[in-house]
Amino acid sequence: MTVLLKDAIAPNLVQTLENNPAFIHGGPFANIAHGCNSVIATTTALKLADYVVTEAGFGADLGAEKFFDIKCRKAGLKPAAAVIVCTIRALKMHGGIAKEDLGKENVEAVKKGSTNLARHIENVKKFGVQPVVAVNRFVADTDAELNMVRQVCSELGAEALECNHWARGSAGIEELAHAVVRIADKPSDFTYLYADNLSLWDKVRTIAQGLYGAQGIIADKAVREKFTEFERLGFGQYPVCMAKTQYSFSTDPNLKGAPSNHVVPVREVRLSSGAEFIVVICGEIMTMPGLPRVPSANSIRLNSKGEIEGLF
């Protein structure tokens, strides 16, 4: 870890193909970690630009929630707007269409799958932040499908905009940029989903019920006792970092759309005292990639001269 942080502690300033500045610093997966880049990068960018766009992991139920409830809470940030990125292919998948058929026009499937997008929009609004929807358009997407997304979003008080930046660069997303600025220039009522003094168990239940549409949460006696122990040791004020599948609002990756009244099983809780949050592992999720019996990290170190040894 020391080797990794020796040079990586400073934000990495890079530029886009169109010469716009960007910081790349951190960015763990939102399904198993906080899903955000570093506070250093964001606060530095805020000093250098009128508008700062930061990616908050994937899945508004995971990345956005952790950005709001963990990063913004710790750093004192107050986001002015949110962009929810979606694709028509993903909406059709949530509408029950098989992967091999996603390229065919199916407006009804888009409408059915939009229940997933609708919940993401509603979830972001619960934080007092106005979202705008960016539809990354594939070449096979039809105008009728796109119009269905626009209709669904409009009924929920959110604008949906076609984005073709993958092909046209910034010109393909200029309309979205103007929409974000319009929202960001208005006052926002940003708030957290739960208070610091809420119990750890109730923080998890608030997320599960409020964002996942769950009926409640369950856990074995040993897990519940772990929550109590962490509170006894003085960690009850910490926010919680949910680890679960990114494919569903539930812990079942095959449960598409916007499932409701399911139960979220809490399998394990871990203390991340340095980061100051509690990791709550729900359902079957692997928090680390597969490693050999003797990982290479065991032989990587810094020598007395500050040089890296053991990479080869």
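Structure's up top.
Cut-offs and rules
Residues numbered from 1 in each chain as written. Predicted model: local features only at pLDDT ≥ 70, side-chain atom pairs only at ≥ 80, totals over all residues. Heavy atoms only, no water. Helix = DSSP H or I, 4+ residues; strand = E, 2+ residues; numbered from the N terminus. Buried < 20%, exposed > 50% of the residue type's maximum accessible area, 1.4 Å probe, protein only. Contact = heavy atoms within 4.5 Å. Pairing = 2+ DSSP bridges. Axes fitted to C-alpha atoms, helices over the stretch in contact; angles between N-to-C directions. 1 Å grid on protein atoms, 1.4 Å probe; cavity = no way out; pocket = protein on both sides within 12 Å on 5 of 7 lines; lining within 4 Å. Points joined across faces, edges and corners; volume = space filled by probe spheres on them. Nonpolar A, V, L, I, M, F, W, Y, C, P; charged D, E, K, R; others polar. Polar contact = N/O pair within 3.5 Å; in protein donor to acceptor, adjacent residues only side chain to side chain. Phe/Tyr/Trp six-rings, centres within 6.5 Å; stacked < 30°, edge-to-face > 60°. Core = buried A, V, L, I, M, F, W, Y, C linked by side-chain atoms within 4.5 Å. Patch = residues over 30% accessible without salt bridge, like charges linked within 9 Å, V, L, I, M, F, W, Y side chains within 5 Å. Areas by Shrake-Rupley, 256 points an atom, 1.4 Å probe, with all protein chains shown as cover. Salt bridge = Lys/Arg side-chain N within 4 Å of Asp/Glu carboxyl O.

Caption draft 1: Broad picture of the environment of Gln209. Mapped onto the elements, Gln209 comes out in helix α9 (residues 200-210). A residue is classified by how much of its surface remains accessible, and Gln209, at 38% relative accessible area, is partly exposed. Sequence-distant contacts of Gln209, that is, excluding residues within four places in its chain, are made with Ala214, Gln215 and Gly216.

Caption draft 2: A look at the sheet that holds strand β5 (residues 160-163). In spatial order, the strands read β3-β4-β5; together these three strands make up an open sheet with parallel pairing. Each of the sheet's edge strands pairs with one partner strand only, and the pair in question is β3 (82-86) and β5. The sheet shows a mean angle of 30 degrees between the axes of neighbouring strands, direction not considered. When β3 meets strand β4 (residues 131-136), the two strands line up parallel, connected through five bridges. Across the sheet, residue Cys86 finds its bridge partner in β4, namely Val135. Those strands touched by helix α5 (residues 107-125) are β3 and β4, and its axis lies near 165 degrees from that of β3. Relative to the sheet, helix α6 (residues 143-155) contacts β4 and β5, its axis offset from that of β5 by approximately 150 degrees.

Caption draft 3: Representation of the layout of surface pockets in the model. There is about 890 Å³ of room inside the second largest pocket. Taken together, 26 residues line the second largest pocket, and the ones lying closest to its centre are Met1, Leu5, Gly26, Pro28 and His34. Broken down by secondary-structure element, the contributors of at least two residues to the lining of the second largest pocket are α1 (2-8), α2 (39-48) and α3 (59-75). The element that contributes the greatest number of residues to the lining of the second largest pocket is α1, accounting for five residues. Of the residues contributing to the lining of the second largest pocket, the split by class is 17 nonpolar, seven polar and two charged.

Caption draft 4: View of the side chain of His94. Mapped onto the fold, His94 is located in helix α4 (residues 88-94). Taking relative accessible area as the criterion, His94 reaches 13% and is therefore assigned buried. Of the polar contacts made by the side chain of His94, one reaches the backbone nitrogen of Gly257; its length is 2.9 Å. With near-sequence residues (within four places) excluded, His94 lies in contact with Gly113, Asn116, Tyr247, Lys256 and Gly257.

Caption draft 5: Structural context of the packing of aromatic side chains. Counted according to the given criterion, the structure contains six aromatic pairs. Aromatic side chains Phe68 and Phe127 sit 4.6 Å apart centroid to centroid with 40 degrees between the ring planes, which places their arrangement in the tilted category. Of this pair, Phe68 sits in helix α3 while Phe127 sits in the loop between α5 and β4, and the two are 59 residues apart along the sequence. With respect to class, Phe68 is no different from Phe127; both count as buried. Geometrically, the ring pair formed by Phe190 and Tyr192 is edge-to-face, given 5.4 Å between the ring centres and 85 degrees between the ring planes. Residue Phe190 is classed as buried on the basis of its relative accessible area of 15%. Taken together, the ring pairs in this structure connect Phe67, Phe68, Phe127, Phe190 and Tyr192 into an aromatic cluster.

Caption draft 6: Looking closely at the nonpolar core. If you look at the biggest cluster of nonpolar residues, it comprises 55 residues, and the most contacted ones within it are Leu117, Val133, Val149, Val240, Val266, Ile278 and Val280. Residue contributions to this core peak at six residues, all from α3. Contacts of Val240, omitting those with residues within four sequence positions, involve Ile70, Tyr194, Leu200, Lys203, Val204, Ile207, Ile278 and Val280.

Caption draft 7: Seen up close, a nonpolar patch on the surface. A cluster of nonpolar side chains, contributed by Met1, Leu4, Leu5 and Ile9, occupies part of the molecular surface with about 460 Å² of accessible area. Leu5 sits in the partly exposed class, given a relative accessible area of 43%.

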